[in-house]
Amino acid sequence: LFHNGLMGSANLSAAMGKASFTGSYHVMDYWMPKKYANYTSEETSTPSYYRKSNTEPGAMKFRSHTLNLNFNYEFNKKNLLSTSFNWNKQHTPSFSNYTDNVTYAPHERITPLSTEHLVSTAMMLRNSYEFRTDYQHDFDRNNEKLVLSYLFVRNPVKNADSRVLDVEKDKVNILHHA
């Protein structure tokens, strides 16, 4: 479910003589509020302990920009030059999860033996671009072609995440009693 967002695009094309140009720009920006995320609750019971876990995914934001530019020039029927540039930027900040694990003694669900709170956030940033130039020459014989191409691509992706763990009480290591 996408809420509180926008999408848009613009396209342009032109031709003049032996030259042609096309271009497009696309943008997408949306925010998925916390209330639309999936909430899960799980209970585990063994002879040694009783554990209740609640996980609540947080809100997520996504922003994307894409630009495509293409230029062609036909020198004559046998020689064609094509150039293109493509750029894409994606930014996804503010993703967080909240997990609450409470562990109790086997039959006592009043005083917790341990409580854990885990909050994690993540951010992804991609800023990629591609530049391409092609030259094509058609020969008269046997439908042969010569194609010279140059391609440069840069696609760095930065990912960052952090986790904060707060253990309020840990009187007994529950895992050793299982």
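Residues numbered from 1 in each chain as written. Predicted model: local features only at pLDDT ≥ 70, side-chain atom pairs only at ≥ 80, totals over all residues. Heavy atoms only, no water.

Asker: For this particular structure, what's the right way to read the overall build of the protein?
Answerer: A count of helical and extended segments in the protein gives 1 helix and 9 strands. Classification of the 178 residues of the protein by burial places 22% in the buried group. Taking all contacts inside the protein whose residues are at least 6 apart in sequence as the whole, residues at least 24 apart take part in 63%. (Helix = DSSP H or I, 4+ residues; strand = E, 2+ residues; numbered from the N terminus. Buried < 20%, exposed > 50% of the residue type's maximum accessible area, 1.4 Å probe, protein only. Contact = heavy atoms within 4.5 Å.)

Asker: What is the right way to look at the packing of aromatic side chains in this model?
Answerer: Geometrically, a pair of aromatic rings is defined through the distance of the ring centres and the angle of the planes. Tallied over the full model, the rule gives 2 aromatic pairs. With a centroid separation of 4.9 Å and 75° between ring planes, the pair formed by tyrosine 73 and phenylalanine 75 is classed as edge-to-face. With a centroid separation of 6.3 Å and 35° between ring planes, the pair formed by tyrosine 129 and phenylalanine 152 is classed as tilted. Placement of tyrosine 129 in strand E7 (residues 114-138) and of phenylalanine 152 in strand E8 (residues 145-154) is noted, with a sequence separation of 23 residues between them. We note arginine 141 situated over the ring of phenylalanine 139; from NZ or CZ to the ring centre the distance is 5.1 Å. (Phe/Tyr/Trp six-rings, centres within 6.5 Å; stacked < 30°, edge-to-face > 60°. Lys NZ or Arg CZ within 6 Å of the ring centre and 35° of its normal.)

Asker: Looking at this model, I keep getting lost on the confidence of the model for the protein. Mind explaining?
Answerer: Interpretation of this model should avoid reading the predicted coordinates in detail wherever pLDDT is low. Of all residues in the protein, 62% attain a pLDDT of 70 or more, and the chain-wide mean is 77. No element of the protein has a lower mean pLDDT than helix H1 (residues 174-177), which averages 34, and none a higher one than E8, which averages 94. Low pLDDT, under 50, characterises residues 165-178; the stretch is placed with 24 contacts to residues that sit more than four places away or in other chains. (pLDDT = per-residue confidence, 0-100.)

Asker: Quick question: what am I supposed to make of the pattern of salt bridges here?
Answerer: Pairing between side chains becomes possible if they bear opposite charge and their charged atoms approach one another. Counted under the stated rule, the structure contains 4 salt bridges. Ionic pairing is found between aspartate 140 and lysine 78, a salt bridge with its closest N-O pair at 1.7 Å. Taken as a pair, aspartate 140 in the loop between E7 and E8 and lysine 78 in the loop between strand E5 (60-76) and strand E6 (79-104) lie far apart in primary sequence, 62 residues in all. Here glutamate 144 and arginine 141 are joined by a salt bridge, their closest N and O atoms 3.5 Å apart. Note on glutamate 144: relative accessible area 35%, which makes it partly exposed. (Salt bridge = Lys/Arg side-chain N within 4 Å of Asp/Glu carboxyl O.)

Asker: Just to check I follow, could you spell out unusual backbone geometry for this structure?
Answerer: The phi torsion of most residues other than glycine is negative, and most of the peptide bonds are trans. We note that asparagine 142 has phi near 45°; this positive angle belongs to a residue other than glycine. By secondary structure assignment, the location of asparagine 142 is in the loop between E7 and E8. Residue classification places asparagine 142 among the exposed residues on the basis of a relative accessible area of 69%.

Asker: Teacher, can you tell me more about the environment of asparagine 86 here?
Answerer: Within the element layout of this structure, asparagine 86 appears in strand E6. Given a relative accessible area of 22%, asparagine 86 falls into the partly exposed group. For the pair asparagine 86 and leucine 69, spaced 17 residues apart in sequence, the C-alpha separation works out to 6.4 Å. With residues near it in sequence (within four places) discarded, asparagine 86 still touches Leu67, Asn68, Leu69, Ser128, Tyr129 and Glu130.

Asker: Honestly, the side chain of glutamine 90 in this entry has me stumped. Any pointers?
Answerer: Position of glutamine 90 relative to the elements: it lies in strand E6. On the basis of relative accessibility, which here comes to 18%, the residue glutamine 90 falls in the buried class. At a separation of 3.5 Å, a polar atom in the side chain of glutamine 90 contacts the side chain of asparagine 88. Those residues in contact with glutamine 90 that sit more than four places away from it in its chain are Phe62, Arg63, Ser64, Met124, Leu125 and Arg126. (Polar contact = N/O pair within 3.5 Å; in protein donor to acceptor, adjacent residues only side chain to side chain.)

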